[in-house]
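Results of the structural survey
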Amino acid sequence: MESRFRFTAGPWNVNEGVEAFGPGVRPEVPIEEKFKKFAEIGLSGVQFHDDDAVPDINNMTERQIIDYAKDMKSTLDKYGLVAEFVAPRLWMDPRTTDGGFTSNSKEDYDFAMWRAKRSIDIARALGSKNVVLWLAREGTLCAESKDPVEKVGKLIDSINEMLAYDENIKILIESKPNEPIDRSYCPTIGHVMALSAATKDPARVGAVLESAHAILAGLDPANEMAFALKFGKLGSVHLNDQNGCRYDQDKSFGAESLRSAFNQIKVLVDHNYGAGGEMVGLDVKAMRTQHPDDQYRHIQNSMKVACMLEEKVARFDREFQARCIAERNYEKLEMYVMELLMS
Ligand code: 3MF
Ligand code: MG
């Protein structure tokens, strides 16, 4: 399939199907096997959490971590894949139970900063310039447990410390309004832009927009992308889908709302996303019912839908659109889009 985009996924996008009400139902797949299959199905790269790249990170020295990551880079090279980014997994460890950068505990904050800096080391070793911060527990379960003004300041301080640690690294913040916490301090792309502007080097602080996260915030994913694009700050996207405001579903791209998916691809194509090396991540999860012998299909489907929608965008009749706009006949334009999508 032809595409202007380079697609990526994370090792977590091939999983055992563990959820809150039931255990895993598929066997664990070794990471190298995932790389091999990713390359086979046409992905260009891999997204990493720090401990995807270096599983025993907490028990290793800083030197050992870098060496291990370099070996991981050789494994990636073997399959012709690149590393898109590294994200510190600051939500699994007991020391990040109350958040990392916004934890009320000084020791836990120090641990979060240590992991953030190791993520930068790992990104460097893997040949990537991007560190992604999904601020999973940076917020509250009990609103009164933190001073939100002080904690937003802590987020800015933490990002500044990361920027100072490595002058080449770019920080991309992945907004999400809730889950696993009740209220997040960085729920939308607007918040990401404001945080970016408040740091010491805004040019190195951008955004990751995940379709499902925008929907969970009651917002339109394409417009969220557009907002970051206008500021030149859309560093990555996580395409997927979501059936309204419920738990984070990570459904295959376009599976719930094809028109929304079309508009996401359209805004990316129209504004030349990818020209600066940005990649298209597919943060999708296979249904728990999926058999292990066909457990990459959700990734393949998402990529296929993205490519088919690129084709629709290429066919989108700009002259017809201009006429509808001139006549202010948006009913006509809307029906045209429906027909385009269904033809
Ligand atoms: C959660 C997510 C995360 C991030 C990942 C990398 C586990 O809703 O989307 O996936 O994508 O941490 O940023
Ligand atoms: Mg994501």
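As a starting point, this report considers the structure included with it.

In the region of ligand 1, 13 residues are neighbours, and H49, E174, E210, H213 and D283 sit closest. Take E174: an N or O atom from its side chain is 2.5 Å from an oxygen atom of ligand 1. One of the side-chain N or O atoms of E210 is found 2.8 Å from an oxygen atom in ligand 1. The class makeup of the residues in the shell around ligand 1 is 5 nonpolar, 3 polar and 5 charged.

Right, let's get into the coordination of the magnesium ion (ligand 2). Within the protein, the magnesium ion (ligand 2) binds to E174 (OE), E210 (OE), H238 (ND1) and D283 (OD); these donor distances fall in the range 1.9 to 2.2 Å. Every donor counted, the 6 donor atoms about the magnesium ion (ligand 2) form angles of 76 to 169 degrees at the centre, which fits octahedral coordination. Read in sequence order, the donor residues coordinating the magnesium ion (ligand 2) give the pattern E-x35-E-x27-H-x44-D. Highlighted residues: H238 in strand β9 (residues 234-239) and D283 in the loop between β10 (279-282) and α10 (297-315), separated in sequence by 45 residues. For the pair formed by H238 and D283, the shared burial category is buried.

In total, this model carries 9 aromatic pairs according to the counting rule given. An angle of 65 degrees between the planes, with centres 4.5 Å apart, marks the rings of W91 and W134 as edge-to-face. Residue W91 is located in the loop between β3 (82-87) and α4 (106-126), and its partner W134 is located in strand β4 (residues 130-134); the two are separated by 43 residues in the primary sequence. In this structure, W91 and W134 share a single accessibility class: buried. One Lys or Arg, R95, reaches over the ring of F111 and ends 3.9 Å from the middle of that ring. Of note, K154 hangs over the ring of Y109, and the distance from its end group to the ring centre comes to 4.1 Å.

Summarising the element assignment, S184 is placed in strand β7 (residues 183-184). Relative accessible area serves as the criterion here: at 13%, S184 is assigned to the buried category. From its side chain, S184 meets the backbone nitrogen of C186 in a polar contact 2.9 Å long. In this view, S184 contacts E138, G139, K176, P177 and N178; residues no more than four positions away in its chain are not counted.

Across its 19 residues, α10 extends 27 Å between first and last C-alpha, which sits within 8% of the 27 Å expected from 1.5 Å per residue. Along α10, the positions that sit buried rather than exposed are H298, I299, S302, M303, A306, C307, L309, E310, K312 and V313.

This paragraph deals with the packing of helix α1 (residues 31-40) against helix α3 (residues 62-78). Axis separation between α1 and α3 bottoms out at 9 Å; the angle between their running directions is 30 degrees. One way to sum up the angle between α1 and α3 is to call them roughly parallel. Crossing hand, α1 versus α3: right-handed. Every residue of α3 that contacts α1 at I31, E32 and F35 is listed here: M72, T75, L76 and K78. In terms of residue class, the contact of α1 with α3 is built from 4 nonpolar, 1 polar and 2 charged.

We now examine unusual backbone geometry. Residue P180 is reached from E179 by a cis peptide bond, and omega for that bond is 10 degrees. Following the sequence through the fold, P180 ends up in the loop between β6 (170-174) and β7. Even without glycine at this site, D250 takes up a positive phi of about 50 degrees. Positive phi, close to 60 degrees, is recorded for N272, a residue that is not glycine. For N272, the location among the structural elements is in the loop between α9 (258-270) and β10.

What follows is about a nonpolar patch on the surface. Nonpolar side chains collect at one region of the surface, where M335, M338 and M342 lie side by side and expose about 310 Å² of accessible area between them. Relative to the assigned elements, M342 resides in helix α12 (residues 330-342). A residue is classified by how much of its surface remains accessible, and M342, at 65% relative accessible area, is exposed.

Within this structure, the stated rule accounts for 0 disulfides. The thiol sulfur of C186 is not disulfide-bonded, and the nearest other cysteine sulfur, from C245, lies at 18 Å. Using a relative accessible area of 3% as the deciding quantity, one classes C186 as buried.

Calculation criteria
- In this numbering scheme, every chain counts its residues from 1 along its sequence in written order.
- Chains carry letters and ligands carry numbers; both start at the beginning, A for chains and 1 for ligands, and go up in the order they are written.
- Reporting in this predicted model follows two pLDDT cut-offs: at least 70 for local features of residues, and 80 or more for side-chain atom pairs to be given and counted; totals over whole chains, interfaces and linings ignore these cut-offs and use all residues.
- With hydrogens and water stripped out, all remaining heavy atoms of the structure feed into the side-chain values.
- Here a residue is near a molecule or strand as soon as one of its heavy atoms is found within 4 Å of it.
- Any pair of N or O atoms that falls within 3.5 Å is considered a polar contact. Within protein, one atom must be able to donate a hydrogen and the other to accept it, and sequence-neighbouring residues count only if both atoms are side-chain atoms.
- Charged means Asp, Glu, Lys or Arg here, nonpolar means Ala, Val, Leu, Ile, Met, Phe, Trp, Tyr, Cys or Pro, and polar covers whatever is left, Gly included.
- Distances up to 2.8 Å from the metal define which N, O and S atoms are donors, and 3.2 Å serves for Na, K and Ca; water is absent from the atom set, so sites may look incomplete.
- Irregular is the label for any site that misses the other tests, which are tetrahedral for four donors with all angles between 85 and 135 degrees, and square planar for four donors or octahedral for six when opposite donors exceed 155 degrees and the remaining angles lie between 65 and 115.
- Comment: elements are numbered from the N terminus, with helices defined as DSSP H or I runs of at least four residues and strands as E runs of at least two.
- When accessible area is computed with a 1.4 Å probe and restricted to protein chains, residues below 20% of their type maximum are described as buried, those above 50% as exposed, and intermediate ones as partly exposed.
- The rule is short: rings of Phe, Tyr and Trp, with Trp giving its six-membered ring, pair when the centres are within 6.5 Å, and they are stacked under 30 degrees, edge-to-face over 60, tilted in between.
- Charge-over-ring contacts are defined here by two conditions on Lys NZ or Arg CZ: a distance within 6 Å of the ring centre and an angle within 35 degrees of the ring normal.
- Contacts are residue-level and defined by heavy atoms, with any inter-residue pair within 4.5 Å sufficient.
- Expected helix span is taken as 1.5 Å per residue step, with the number of steps being one fewer than the number of residues.
- Lines fitted to C-alpha atoms define the axes, with helix axes restricted to the stretch in contact, and inter-axis angles between N-to-C directions lie between 0 and 180 degrees.
- Angles below 35 degrees are treated as roughly parallel, those above 145 as roughly antiparallel, those between 65 and 115 as roughly perpendicular, and all remaining angles as oblique.
- For any helix crossing, the convention is left-handed if the near helix is rotated counterclockwise from the far helix by under a right angle, and right-handed if that rotation is clockwise.
- Candidates for patches are residues over 30% relative accessible area with no salt bridge; among them, like charges are joined within 9 Å and nonpolar side chains (Val, Leu, Ile, Met, Phe, Trp, Tyr) within 5 Å.
- Each accessible area is a Shrake-Rupley result for a 1.4 Å probe, and residues are judged covered by the shown protein chains and nothing else.
- Throughout this description, the term salt bridge denotes a Lys or Arg side-chain nitrogen within 4 Å of a carboxyl oxygen of Asp or Glu.
- The disulfide definition used here is simple: a pair of cysteine sulfur atoms within 2.5 Å.

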